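Fold and geometry: a report
Residue-level listing of the chains:
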Amino acid sequence: MLKKYLDIKYTKAVIREYFEDKSNLYTTIALVLFLIGWGGYKAYNYYNVQVQTKAQVQFSEALEVYNKALAMQLLGMNSSDKSYSEWDDAELAFRVGHEQNKSSGIAPFFLVYQAQSLAKKGDYQQALTMLDEAQKGFSLDHWRYLLKITRALILFNVEQSSAL
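Residues numbered from 1 in each chain as written. Predicted model: local features only at pLDDT ≥ 70, side-chain atom pairs only at ≥ 80, totals over all residues. Heavy atoms only, no water.

Here the structure, examined in full by the defined rule, presents 10 aromatic pairs. Considering the side-chain rings of Phe59 and Phe110, the 5.2 Å spacing of their centres and the 85° angle between planes classify their relative orientation as edge-to-face. Of this pair, Phe59 sits in helix 3 (residues 22–75) while Phe110 is found in helix 5 (residues 107–121), placing the two residues 51 residues apart along the sequence. Each member of the pair, Phe59 as well as Phe110, carries the same accessibility label: buried. Three or more aromatic residues link up through ring pairs in this structure, and these residues are Phe59, Tyr66, Trp87, Phe94, Phe110 and Tyr113. (Phe/Tyr/Trp six-rings, centres within 6.5 Å; stacked < 30°, edge-to-face > 60°. Helix = DSSP H or I, 4+ residues; strand = E, 2+ residues; numbered from the N terminus. Buried < 20%, exposed > 50% of the residue type's maximum accessible area, 1.4 Å probe, protein only.)

The next thing to look at is the nonpolar core. Among the nonpolar cores identified, the biggest contains 14 residues, and Val112, Ala115, Ala127, Met130, Leu131, Leu147 and Ile154 are the most heavily contacted of them. Those elements that provide at least two residues to this core are helix 5, helix 6 (124–137) and helix 7 (144–156). For Leu131, the contacting residues outside a window of four places in its chain are Val112, Ala115, Leu147, Thr150, Arg151 and Ile154. Of all hydrophobic cores here, the second largest spans 10 residues; its members include Phe59, Ala90, Ile106 and Phe110. (Core = buried A, V, L, I, M, F, W, Y, C linked by side-chain atoms within 4.5 Å. Contact = heavy atoms within 4.5 Å.)

The next thing to look at is the environment of Gln100. As for its placement among the helices and strands, Gln100 is situated in helix 4 (residues 86–100). Sequence separation of Gln100 and Lys54 is 46 residues, and the distance between their C-alpha atoms is 9.5 Å. Sequence-distant contacts of Gln100, that is, excluding residues within four places in its chain, are made with Lys54 and Gln58. For Gln100, the side chain forms a polar contact with the side chain of Gln58, separated by 2.7 Å. (Polar contact = N/O pair within 3.5 Å; in protein donor to acceptor, adjacent residues only side chain to side chain.)

Pasting the structure below:
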């Protein structure tokens, strides 16, 4: 009995007979196309979740460096080396985070925090350039006013009249 199903000629005959009916052929084609589409959607969704998760983890790590630099500044504990500051670490963390996660949804936030770190270091022109680049990265205008306020606060340190 089992030998009958293992015979290649018999299997080919059964498949040929199955596909002689056009409705079976179209149903099989539709099922294969559906499974390919569904599988592609699931694979893309899995990839997208992995990218977003990696970006969020890296953002939280960079934010810890930023918070450490902010705490050191607020407590007045400056580093002994004048050429080095904690803000260098914060700016580097956000720059590397943005370079590694450009395709994530939170990529513009890396630029915003990088701009704030640059402003704390005193590099206001580059900070304003970073904010302009970050504004291009936001697809929605929900963040427009927050970015304008941030830009005005940074610009206030350079030119108070134009910031107002």
